[in-house]
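# Analysis of the macromolecular model
For reference, the chains in residue letters:
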Amino acid sequence: MSISGRHFLQIPGPTNVPDRILRAMDRPVVDHRGPEFAELTKEILPLLKEVFGTHEGTVVIYPSSGTGAWEAALVNVLSPGERILAFNYGHFSELFARTARNLGYDVEEVPLRWGQELPAEEVEAHLRADDGENPYAAVLVVHNETSTGVTSDVGAIRDAIDAAGHDALLIVDTVSSLASIEVKHDEWRADVTLTGSQKGLMLPPGLALLCVSPRALERGTEGGAPRNFFDWRPIIRDNEAGFFPYTPATLLLFGLREALKMLVEEEGLSNVYARHRSLAEGVRAAVEAWGLRNLCEKPEFYSNTLTAVVVPEGADSDEVIRVARERFGLALGVGLSRIKGRVFRIGHLGALNELEVLGTLGGVEMALIESGVPVELGSGVRAAQQLFTRKPTEVAGDQ
Ligand code: PLP
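From a predicted model like this one, the values you see are computed outputs, not experimental measurements.

### Quick notes on the UniProt feature "binding site: substrate" (unreviewed entry) in the protein
- Mapped onto this structure's residue numbering, the UniProt feature "binding site: substrate" (unreviewed entry) falls at R345.
- The exposure class of R345 is buried, given the 26 C-beta atoms found within 10 Å.
- Discounting residues that sit within four places of it in the chain, R345 has contacts with P12, G149, L306, T307, A308, L332 and G333.

See the structure below:
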């Protein structure tokens, strides 16, 4: 039976695409070698630089997904056989390391707990222990682990690399943070910061976006791996005039321009980050009111784009997700790989407001109850309302 009304897509990406962006893409396809398209490219690239937090960096766009962004980042700056330091603290950091291994790099993958952040001290200790024989050429970092709801402190990791006196490249995955949690490519002195279109940028899947430092550009000129489609050199060259060396995803780029207008020019990036923080606090208040555990171990690393909620012993998070989808038309994120069945994830990023969060939390509460997880009906919604109401009134019995 289909459920009427708007589907609640509350997975941590792909996120809801605002009607304005859908309309911006709903147009005749243009000549990608014509002047209108060149103008579009020239408008988009400087706005994207603001979102990446860069003056010095160069932005490169590919028709691809986040997985393609990983590959693009690696093959442009690293030669096969070079050593990479990676950490496994969730599904996506694991896949990033696997991608590097599959491409022929020598990856040291340090296991961490799923639910912890990437500790800067760990990075420093491994770099200090590098004997320099085949030194680490790069460190891979996932800023926001979408499988666990943990945001690591990339600034502290940068400091740790400096403290170790190591010159490894810093490659940062911001797939589920960019345009929702502040990304500081220049301040972090990141060499490549990468993302996809389908999360904070409020677009459908289909674009991979990279921000590249001058140092990484240089590496790409001298070295890197054999590459063709992902070679950023011809793209950067043709972008000067607003073009691409292949057929770009023209309509997605019209959508991207609209998204950037909304984020950078209208709402303003600092307001976008503040909105995500506030919505996330509402969700976390609900999880606490339900008496459930956030998979993220330490509050200072709680993600502002998603929350991974651990279900009680004996419960099955897949069942909660099934009930939410089938009964209420609410899509929640599953527990990935080794945490399958143990957590469900509430996405709270992209085009989202307080009432939509309350609707989501109401749906989660009902799904929990219907799948046998005892929570107090209304408790989570009320906790979030208390936070969202500027002058919250005392509710009887609520201290
Ligand atoms: N990195 C992170 C942090 C992600 O969350 C994802 C996907 O969700 C990816 C990489 C892979 O991106 P894609 O699925 O677009 O290939």
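### Some points on unusual backbone geometry
- Cis rather than trans, the peptide bond between G13 and P14 has omega equal to -5 degrees.
- One non-glycine residue, A179, adopts positive backbone phi at about 70 degrees.
- Tracing the sequence through the fold places A179 in the loop between β8 (169-173) and β9 (192-196).
- By the C-beta count within 10 Å, which is 27 here, A179 ends up buried.

### Here we look at helix α4 (residues 91-102)
- End to end, α4 covers 16 Å across 12 residues, agreeing with the expected 16 Å (1.5 Å per residue, within 8%).
- Buried within α4 are the following residues: H91, F92, S93, E94, F96, A97 and A100.
- Of the residues flanking the end of α4, it is G104, one or two places downstream, whose phi is positive at about 95 degrees.

### Let's talk about the packing of helix α11 (residues 317-328) against helix α12 (residues 354-370)
- Where α11 contacts α12, the axes come no closer than 8 Å and their chain directions differ by 115 degrees. The interaxial crossing formed by α11 with α12 has right-handed handedness. Contact residues: V320, V323, A324, R327 and F328 in α11; G363, V364, M366, A367, L368 and E370 in α12.
- Here the contact of α11 with α12 is built from residues that sort into eight nonpolar, one polar and two charged.

### Focus on the site of the ligand
- Near the ligand, the surroundings consist of G13, S65, G66, T67, F92, V142, T146, D173, V175, S176, G196 and P205.
- Taken together, the residues of the shell around the ligand break down into four nonpolar, seven polar and one charged.

### Details of the sheet that holds strand β11 (residues 293-294)
- Read from one edge to the other, the open sheet built from three strands follows the order β11-β12-β14, with strand pairing classed as antiparallel. If you trace the sheet from one side to the other, it starts and ends with β11 and β14 (343-347), each paired once.
- Across two bridges, β11 lies against strand β12 (residues 306-310) in antiparallel orientation. When the bridges of β12 are listed, R293 appears paired with V310.

### A few points about the pairing of β12
- By the criterion of burial, β12 is predominantly enclosed, with four of the five residues buried.
- As defined by bridge partners, β12 adjoins β14 across five bridges and the pair is classed as antiparallel. Paired with V310 across the bridge in β14 is V343.

### Some remarks on the nonpolar core
- Core analysis: the biggest nonpolar cluster contains 120 residues, and I84, A138, V139, L140, V141, L210 and A286 have the highest contact counts within it.
- The dominant element in this core, judged by the number of residues it contributes, is helix α10 (residues 269-290), at nine residues.
- No fewer than three residues from each of domain 1 (8-15 + 268-388) and domain 2 (19-265) sit in this core.
- Leave out the neighbours within four places in its chain, and A286 touches L361, G380, V381, A383 and A384.

### Concerning the domain arrangement of the protein
- Assigned domains of the protein: these are domain 1 (8-15 + 268-388) and domain 2 (19-265).
- Between the C-alpha centres of domain 1 and domain 2 the distance comes to 27 Å.
- Taken together, the contact pairs 29 residues of domain 1 with 29 residues of domain 2.
- Elements with a contribution of two residues or more to the side of domain 1 that touches domain 2: α10 and β12.

### With respect to the UniProt feature "modified residue: N6-(pyridoxal phosphate)lysine" (unreviewed entry) in the protein
- On the UniProt side, "modified residue: N6-(pyridoxal phosphate)lysine" (unreviewed entry) is annotated at positions that read K199 here.
- Structurally, K199 is set in the loop between β9 and β10 (207-212).
- Owing to 29 C-beta atoms within 10 Å, K199 belongs among the buried residues under this scheme.

Calculation notes
- Residues numbered from 1 in each chain as written.
- Predicted model: local features only at pLDDT ≥ 70, side-chain atom pairs only at ≥ 80, totals over all residues.
- UniProt positions renumbered as here; feature names shortened; annotations may be inferred.
- Buried ≥ 20, exposed ≤ 12 C-beta atoms within 10 Å, placed from the backbone.
- Contact = placed C-beta atoms within 7 Å.
- Helix = DSSP H or I, 4+ residues; strand = E, 2+ residues; numbered from the N terminus.
- Expected span 1.5 Å × (residues − 1).
- Axes fitted to C-alpha atoms, helices over the stretch in contact; angles between N-to-C directions.
- Left-handed = near helix turned anticlockwise from the far one by under 90°.
- Nonpolar A, V, L, I, M, F, W, Y, C, P; charged D, E, K, R; others polar.
- Near = placed C-beta within 6 Å.
- Pairing = 2+ DSSP bridges.
- Core = buried A, V, L, I, M, F, W, Y, C linked by C-beta atoms within 7 Å.
- Domains from an automatic or database assignment.

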